[in-house]
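These are the residues of each chain, in order.
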Amino acid sequence: MTGAPPAPLEQARQWVRQARRIAVLTGAGVSAESGVPTFRDVQVGLWANFRAEDLATPEAFRAHPQRVWDWYAARRAQLAQVQPNAGHVALAEFQRRHPGRLTLITQNVDGLHQKAGSMGVLALHGNLSENRWLDPCLKTGLYGQTVRSCDPAQAVPGHPPHCAECHNLVRPDVVWFGEMLPEDVLAAAHHAASACELMLVAGTSGMVYPAAGLAHLARQSGARVVVLNPEPTDLDETAHVRLTGTSAQWLPLLLAD
Ligand code: BJW
């Protein structure tokens with residue numbers, strides 16, 4: 001007589017123990033329990049009349065630079081108040097206990113995985129705490145860093161700051177809709193997804209590509225896929241196992257030795 005199949009958590013824990021290479025794809029939901037609203041949460045206060053999807057585009061920034069800059073400034077101020085939660089910490093601790101076994105790929109721009117101590121984080125959509133120029137410098141053709149006058153940190157303060165000479169604007173160093181992801185980061189994420197034996201997909205709606213495509217790639221390459229989310233996601237059909245609940249609840253249980 002064969003026994004009953006393991007419950008979802010026990011099954012997923014077994015795969016964690018067995019996998020030599022684990023890739024984890026995270027989204028905004030892993031930071032929800034730190035107090036960071038998810039990307040598609042309804043906005044409040046000054047931003048109640050705007051959808052995040054309509055602000056996070058190069059077109060929106062060019063049309064309404066002050067509005068989009070101030071939205072990012074408000075989010076930066078909010079991030080200064082928050083700390084990593086038990087989900088971020090469980091991932092960082094697993095990496096520390098098992099060097100080289102877990103590659104962390106995140107769509108988040110909040111820096112909380114890095115703050116929790118995760119190493120080699122592949123940040124697909126950039127970093128909210130960094131800035132860069134909107135356009136190449138009209139004088140040098142460079143985006144900055146090499147020439148003093150091309151350093152965004154030297155820009156004239158404002159909403160957004162700008163270059164005193166060519167009026168180029170400073171923008172957050174994140175990836176907006178319609179923009180390419182950083183090529184080297186995406187290549188490393190593709191490699192991790194196609195080489196892993198287990199992929200955990202935590203706290204993402206799975207709506208945004210090419211990030212969501214990494215879960216399909218992992219599955220097509222033979223990996224087990226586990227989705228952790230309190231709500232249904234667009235990646236549920238790609239998953240072998242679904243853990244319904246929050247990432248701060250599941251990740252510590254899943255990744256404990
Ligand atoms: C919890 C929880 C708890 C709550 N615990 N979970 C193929 C098909 C169709 C369209 C495209 C395609 N390929 C490319 C596109 C176009 C586009 C795209 O994907 N559009 C879709 C909307 C359809 N992609 C792009 O434009 C990308 N660029 C690109 O492809 O370049 C090539 C190209 C160019 C031009 C044309 C075509 C191709 C760039 C995408 C950049 C995304 N950038 C953003 C903004 C970053 C900066 C910022 O934050 O302001 O990144 S958008 C936003 O979405 C943000 C997120 O990283 C990303 C993903 O969202 P995420 O993380 O999933 O958050 P939510 O809010 O959606 O979900 C939260 C989840 O958490 C929910 O499921 C909750 O249930 C859950 N949750 N509490 C665990 N406690």
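The structure presented is a predicted model; accordingly, all values stated were derived computationally and were not measured.

Each value, and the rule that gives it
- Residues numbered from 1 in each chain as written.
- Predicted model: local features only at pLDDT ≥ 70, side-chain atom pairs only at ≥ 80, totals over all residues.
- Heavy atoms only, no water.
- Domains from an automatic or database assignment.
- Contact = heavy atoms within 4.5 Å.
- Buried area = accessible area lost by both parts, 1.4 Å probe.
- Salt bridge = Lys/Arg side-chain N within 4 Å of Asp/Glu carboxyl O.
- Polar contact = N/O pair within 3.5 Å; in protein donor to acceptor, adjacent residues only side chain to side chain.
- Helix = DSSP H or I, 4+ residues; strand = E, 2+ residues; numbered from the N terminus.
- Nonpolar A, V, L, I, M, F, W, Y, C, P; charged D, E, K, R; others polar.
- Buried < 20%, exposed > 50% of the residue type's maximum accessible area, 1.4 Å probe, protein only.
- Axes fitted to C-alpha atoms, helices over the stretch in contact; angles between N-to-C directions.
- Near = heavy atom within 4 Å.
- Areas by Shrake-Rupley, 256 points an atom, 1.4 Å probe, with all protein chains shown as cover.

When its domains are assigned, the chain resolves into domain 1 (1-35 + 84-131 + 171-257), domain 2 (37-81) and domain 3 (135-168). Averaged C-alpha coordinates put domain 1 and domain 2 at centres separated by 25 Å. Domain 1 puts 19 residues into the contact, and the matching count from domain 2 is 16 residues. Between domain 1 and domain 2, a total of about 1,400 Å² is buried, with carbon and sulfur atoms accounting for 69% of that surface. Applying the counting criterion to the domain 1 and domain 2 interface returns zero salt bridges. Counting across the interface, domain 1 meets domain 2 through five residue pairs in polar contact (both at pLDDT 80 or more). For the side of domain 1 that touches domain 2, the elements supplying multiple residues, two or more each, are strand E4 (126-133) and strand E5 (170-174). Sorting elements by how many residues they give to the side of domain 1 that touches domain 2 places E4 first, with four residues. Grouping the amino acids of the side of domain 1 that touches domain 2 by side-chain chemistry returns 10 nonpolar, five polar and four charged.

Bringing the pattern of salt bridges into the picture now. Charged atoms that come close allow side chains of opposite charge to pair. Using the criterion set out here, one finds 13 salt bridges in the structure. Measuring nitrogen to oxygen at the nearest pair gives 2.8 Å for the salt bridge that ties Arg-20 to Glu-197. Taken together, the residues Arg-20 in the loop between helix H1 (8-18) and strand E1 (22-26) and Glu-197 in the loop between helix H7 (183-195) and strand E6 (198-202) connect sequence positions 177 residues apart. Of the residues examined, Glu-197 reaches a relative accessible area of 22% and is grouped as partly exposed. Arg-51 is the partner of Asp-54 in a salt bridge, and the nearest nitrogen-oxygen pair spans 3.2 Å. Here the salt bridges do not stand alone but share partners, grouping Arg-40, Arg-51, Glu-53 and Asp-54 into one network.

Here the focus is the packing of H7 against helix H8 (residues 213-220). When two helices pack together, their arrangement is captured by the angle between the axes and the distance separating the axes. Closest axis-to-axis distance for the H7/H8 pair is 7 Å, and the angle between their directions is 35 degrees. Only Leu-214, Leu-217 and Ala-218 of H8 make contact with H7, whose side of the interface consists of Ala-189, His-190, Ala-193 and Ser-194. Here the residues of the contact of H7 with H8 are counted per class, giving five nonpolar, two polar and no charged.

Near the ligand there are 34 residues, and of these Arg-40, Tyr-72, Gly-178, Thr-204 and Ser-205 occur at the shortest range. Within the side chain of Arg-40, one N or O atom sits 2.6 Å away from an oxygen atom of the ligand. Within the side chain of Asn-229, one N or O atom sits 2.8 Å away from an oxygen atom of the ligand. Considered on its own, the ligand offers 1,500 Å² of accessible surface; in the complex 74% of this is hidden by protein. Tallying contributions element by element places helix H4 (residues 65-79) first for the shell around the ligand, with three residues. Residues belonging to the shell around the ligand are distributed by class as follows: 17 nonpolar, 12 polar and five charged.

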